[in-house]
Every structure is written in structure tokens, then in C-alpha cells.
Amino acid sequence: MTDAPAKKGYWMGMVDVTDPENYPRYIAANKAAFDKYGARFIVRGGRGEVLEGPMASRLIVIEFDSYQTALDCYRSPEYQEALKLRQAYSTAHIAIVEGV
């Protein structure tokens, strides 16, 4: 019997950018963590509608090879540095979920 491959992990986010002039600093800073952990943007801004609940200015879905990798990326020193910038320039609801 072989082990089933790990299920993908996803960051799902709704972000309201409060400082659009400085938000690109966060985008530049998160690259180190996202490159290290193999993040792939499935949704990054673009057109969208929130049909229930509060609207956000940016919707994101980021795919990782596994749920654990998604958690490790978020908790990494590289992302924690970038996170300080995101929190300074936006508000967000972020969830990490396992795919099916």
C-alpha cells in the first residue's frame, strides 16, 4: 500500500488595502517567502464579487504543495517580516485550508 500524495494547501484571503501607495512594499517583501515555499497565485486581485459578507478590495488564493507547506510559509521568518508591512498597509481575513 502506498501513501496517498499530500493534499494541496491554500491561503485564502480577503484584503482591504488601506495604504495603496505603500502596499507594493509588502508585495516586494513577501516574494522571498513565496519563492522559498513554492507559492502559486491562483487568484490575485482581478475582478470579483463577494456575494455574502463584507466586500474586500483584493481577493487572493495561493496554492502550495501541501497544507503543511502553506502553514510553514505563513509561520516562516521571511513571511513574518512581510506580514508587518501587510498589517501596516491593509486589513485582512486570511485562512489556510487543505484542498480536496
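Everything here concerns the structure above.
Attention in this report is confined to the structure presented alongside it. Note that the structure is a prediction, hence the values are computed from the model and not measured.

Here is what the cut-offs are and how they apply
- Residues numbered from 1 in each chain as written.
- Predicted model: local features only at pLDDT ≥ 70, side-chain atom pairs only at ≥ 80, totals over all residues.
- Heavy atoms only, no water.
- Pairing = 2+ DSSP bridges.
- Helix = DSSP H or I, 4+ residues; strand = E, 2+ residues; numbered from the N terminus.
- Axes fitted to C-alpha atoms, helices over the stretch in contact; angles between N-to-C directions.
- Salt bridge = Lys/Arg side-chain N within 4 Å of Asp/Glu carboxyl O.
- Buried < 20%, exposed > 50% of the residue type's maximum accessible area, 1.4 Å probe, protein only.

Some details on the sheet that holds strand β4 (residues 90–98)
Taken together, four strands build an open sheet; the order of strands is β2-β3-β1-β4 and the sheet is antiparallel. At either margin of the open sheet sits one strand with a lone partner, and together these are β2 (40–44) and β4. Strand-to-strand, the axes of this sheet are offset by a mean angle of 20 degrees, without reference to chain direction. The pairing of β2 with strand β3 (residues 58–64) spans four bridges and is classified as antiparallel. Its bridge partner being in β3, Phe-41 is matched across the sheet by Ile-62.

Some remarks on the pattern of salt bridges
Applying the stated criterion across every chain yields a total of five salt bridges. Of the charged contacts in the structure, one is a salt bridge between Asp-35 and Lys-31, with a shortest N-O distance of 2.5 Å. Residue Asp-35 and its partner Lys-31 are both found in helix α1 (residues 23–36); the two are separated by four residues, about one turn of the helix. Taking relative accessible area as the criterion, Lys-31 reaches 47% and is therefore assigned partly exposed. Measuring nitrogen to oxygen at the nearest pair gives 3.1 Å for the salt bridge that ties Arg-40 to Glu-63. You can see Arg-40 sitting in strand β2 and its partner Glu-63 sitting in strand β3, a full 23 residues away along the chain. Taking the relative accessible area as the measure of exposure, Arg-40 reaches 30% and is therefore partly exposed.

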